[in-house]
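Single-letter residue listing:
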Amino acid sequence: MDRMFRVCGFWTAIFTVMFYLGDMDKTAMLFLAQTGFFVLLSYLKLSERMYLHIFAAYLTIFFAGFTYWTTFMMPLGGGH
């Protein structure tokens, strides 16, 4: 399971580079933080059950934040 967190860290690092090259600096920093989070967790050698609990908490926070952002922060009509 720790290898899967390294895989998540790899992919978030790829997204970090792509967002940075696309001049989306705030999003790049968000994904850089996620990269650090995933890579740090991958080396803690936790049990598989703990990794699943952490990932479930991560998904819960992500979905709550994403729902809040799309409901209250995004302009209506996609900003047109």
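Look above for the structure.
Residues numbered from 1 in each chain as written. Predicted model: local features only at pLDDT ≥ 70, side-chain atom pairs only at ≥ 80, totals over all residues. Heavy atoms only, no water.

**So, the packing of aromatic side chains**
Next up, step 1: Scanning the model with the defined rule gives 14 aromatic pairs in all.
Next up, step 2: Each ring, one from Phe 15 and one from Phe 19, has its centre 6.2 Å from the other, and the planes form 45°; the classification is tilted. In this pair, Phe 15 and Phe 19 both sit in helix 1 (residues 2-21), four residues apart, roughly one turn of the helix.
Next up, step 3: When its relative accessible area of 42% is taken as the criterion, Phe 15 is described as partly exposed.
Next up, step 4: Pairing Phe 55 with Tyr 58 gives two aromatic rings, centres 6.0 Å apart and planes at 25°, and the pair type is stacked. One end of the pair, Phe 55, and the other, Tyr 58, are both in helix 3 (residues 48-73), three residues apart, so they sit about a helical turn from each other.
Next up, step 5: Judged by its relative accessible area of 28%, Phe 55 is partly exposed.
Next up, step 6: Taken together, the aromatic side chains of Phe 5, Phe 37, Phe 38, Tyr 51, Phe 55 and Tyr 58 make up a single cluster linked through ring pairs. (Phe/Tyr/Trp six-rings, centres within 6.5 Å; stacked < 30°, edge-to-face > 60°. Helix = DSSP H or I, 4+ residues; strand = E, 2+ residues; numbered from the N terminus. Buried < 20%, exposed > 50% of the residue type's maximum accessible area, 1.4 Å probe, protein only.)

**Structural notes on the pattern of salt bridges**
Next up, step 1: On inspection of all chains with the given rule, the structure shows two salt bridges.
Next up, step 2: Lys 45 is the salt-bridge partner of Asp 2, the closest N and O atoms lying 3.2 Å from each other. You can see Asp 2 sitting in helix 1 and its partner Lys 45 sitting in the loop between helix 2 (25-42) and helix 3, a full 43 residues away along the chain.
Next up, step 3: The class for Asp 2 is buried, based on a relative accessible area of 15%.
Next up, step 4: Accessibility expressed as a relative area gives 60% for Lys 45, which makes it exposed.
Next up, step 5: Among the charged side chains, a network of salt bridges with common partners joins Asp 2, Arg 6 and Lys 45. (Salt bridge = Lys/Arg side-chain N within 4 Å of Asp/Glu carboxyl O.)

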